[in-house]
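Residues per chain, in single letters:
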Amino acid sequence: MKIQTAQEYLAIVRMPLQQLLPLGLRLWVANVFFFAGLNKYQSWDTTMMLFEYEYAVPFLAPDIAAWLGTFGELFFPVLLVLGLGGPIAAIALFVVNLIAAISYPDISAAGMQQHYLWGFMLMVLAIYGNGQITLDRIIQKLYIDKLYARLNTGRA
């Protein structure tokens, strides 16, 4: 294939970058939330105290909020890194991020900017998808596409 225009060249350069960007976003955000959840888990007494006296999670008792928040910060980043569950993991982490941002009344302006950035990154993943480098894509190629093809040929 001979490249004849700048537009063709840009299309070739852009293709791998379009797959690396979602992967980079997934890894970045997952790292932030997973290590926050790990910190909560490793110092559980402190976590419980913070949820009882410091964080003001709406509509939830402090112990339930601590369990759900820690679970969300440990479980959904793993799904996000693996690319399993598509945009569901990104939306779930967006909700965790939103609740974290509104629950801590003494958050600094810089801290709020980080939450905005993470929220934006998660919304990009939720809207545009996790890219092609995912377990979802592998499962689709290995099983779902083959099953669909069998069903269309009448050999289920």
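Below is a summary of the structure that appears in this document. In this text the structure is predicted, and so the values were computed from the model without any measurement.

## Side note on the packing of helix H3 (residues 62–82) against helix H4 (residues 87–103)
Point 1. Contact pair H3 / H4: the axes reach a minimum separation of 9 Å and the direction vectors enclose 150°. Accordingly, the angle class assigned to the pair H3 and H4 is roughly antiparallel. The crossing of H3 and H4 is left-handed. Contact with H3, carried on its side by Gly 72, Glu 73, Phe 76, Pro 77, Leu 79 and Leu 80, involves Ala 89, Ala 90, Ala 92, Leu 93 and Val 96 of H4 and no other residues of that element.
Point 2. The residue makeup of the contact of H3 with H4, split by class, is nine nonpolar, one polar and one charged.

## Observations concerning the pattern of salt bridges
Pairing is possible between side chains that carry opposite charge, provided their charged atoms lie close to one another.
Point 1. All told, the structure shown has one salt bridge when counted by the stated rule.
Point 2. Among the salt bridges present, the one from Lys 40 reaches Glu 73, with a minimum N-O distance of 2.9 Å. With Lys 40 in helix H1 (residues 6–42) and Glu 73 in helix H3, the pair connects residues that are 33 residues apart, well separated along the chain. The residues Lys 40 and Glu 73 share a single accessibility class, namely buried.

## A look at the side chain of Lys 40
Point 1. Residue class for Lys 40 comes out buried when judged on its relative accessible area of 16%.
Point 2. Within polar-contact distance, the side chain of Lys 40 engages the side chain of Glu 73 at 2.9 Å.
Point 3. Those residues within four positions of Lys 40 in sequence are excluded, and the remaining contacts are Thr 47, Phe 51, Thr 70 and Glu 73.

## Side note on the nonpolar core
Point 1. Grouped together as the largest cluster of nonpolar side chains are 17 residues, with contacts concentrated most on Val 29, Phe 33, Leu 80, Ala 90, Leu 93 and Leu 122.
Point 2. Listed by contribution, the elements that provide at least two residues to this core are H1, H3, H4 and helix H5 (109–128).

## Comments concerning the environment of Ile 127
Point 1. Within the secondary structure, Ile 127 is located in helix H5.
Point 2. A residue is classified by how much of its surface remains accessible, and Ile 127, at 62% relative accessible area, is exposed.
Point 3. Separated by 36 residues in sequence, Ile 127 and Ile 91 have C-alpha atoms that sit 9.3 Å apart.

## Quick notes on the environment of Gly 119
Point 1. Within the secondary structure, Gly 119 is located in helix H5.
Point 2. Along the backbone, Gly 119 and Gly 83 are 36 residues apart, and their C-alpha atoms lie at a distance of 18 Å.

## Notes on the packing of H1 against H5
A pair of packed helices can be characterised by two numbers: the angle between their axes and the separation between those axes.
Point 1. Contact geometry for H1 and H5: axes closest at 10 Å, N-to-C directions at 135°. Between H1 and H5, the crossing angle belongs to the class labelled oblique. The hand of the H1/H5 crossing is left-handed. The residues of H5 that touch H1, namely those facing Pro 22, Leu 25, Arg 26, Trp 28, Val 29, Val 32 and Phe 33, are Trp 118, Met 121, Leu 122, Val 124 and Leu 125.
Point 2. Along the lines of polarity and charge, the residues of the contact of H1 with H5 split into 11 nonpolar, no polar and one charged.

## As for H4
Each full turn of the α-helix corresponds to 3.6 residues, which orients residues three or four apart in the same direction.
Point 1. For H4, with 17 residues, the first-to-last C-alpha span of 24 Å sits near the 24 Å given by 1.5 Å per residue.
Point 2. The inward-facing, buried residues of H4 contact H1, H3 and H5.

## Details of a nonpolar patch on the surface
Point 1. Together, Leu 27, Val 78, Val 81, Leu 82, Leu 135, Ile 138, Ile 139, Leu 142, Tyr 143 and Ile 144 give the surface a local cluster of nonpolar side chains, amounting to about 840 Å² of exposed area.
Point 2. Among the elements of the structure, H3 and helix H6 (135–153) are those that each provide at least two residues to the nonpolar patch.
Point 3. In terms of residue count, H6 provides more of the nonpolar patch than any other element does, six residues in total.
Point 4. If you trace the backbone, Leu 142 turns up in helix H6.

Conventions used here
- Residues numbered from 1 in each chain as written.
- Predicted model: local features only at pLDDT ≥ 70, side-chain atom pairs only at ≥ 80, totals over all residues.
- Heavy atoms only, no water.
- Axes fitted to C-alpha atoms, helices over the stretch in contact; angles between N-to-C directions.
- Helix = DSSP H or I, 4+ residues; strand = E, 2+ residues; numbered from the N terminus.
- Parallel < 35°, antiparallel > 145°, perpendicular 65-115°, else oblique.
- Left-handed = near helix turned anticlockwise from the far one by under 90°.
- Contact = heavy atoms within 4.5 Å.
- Nonpolar A, V, L, I, M, F, W, Y, C, P; charged D, E, K, R; others polar.
- Salt bridge = Lys/Arg side-chain N within 4 Å of Asp/Glu carboxyl O.
- Buried < 20%, exposed > 50% of the residue type's maximum accessible area, 1.4 Å probe, protein only.
- Polar contact = N/O pair within 3.5 Å; in protein donor to acceptor, adjacent residues only side chain to side chain.
- Core = buried A, V, L, I, M, F, W, Y, C linked by side-chain atoms within 4.5 Å.
- Expected span 1.5 Å × (residues − 1).
- Patch = residues over 30% accessible without salt bridge, like charges linked within 9 Å, V, L, I, M, F, W, Y side chains within 5 Å.
- Areas by Shrake-Rupley, 256 points an atom, 1.4 Å probe, with all protein chains shown as cover.

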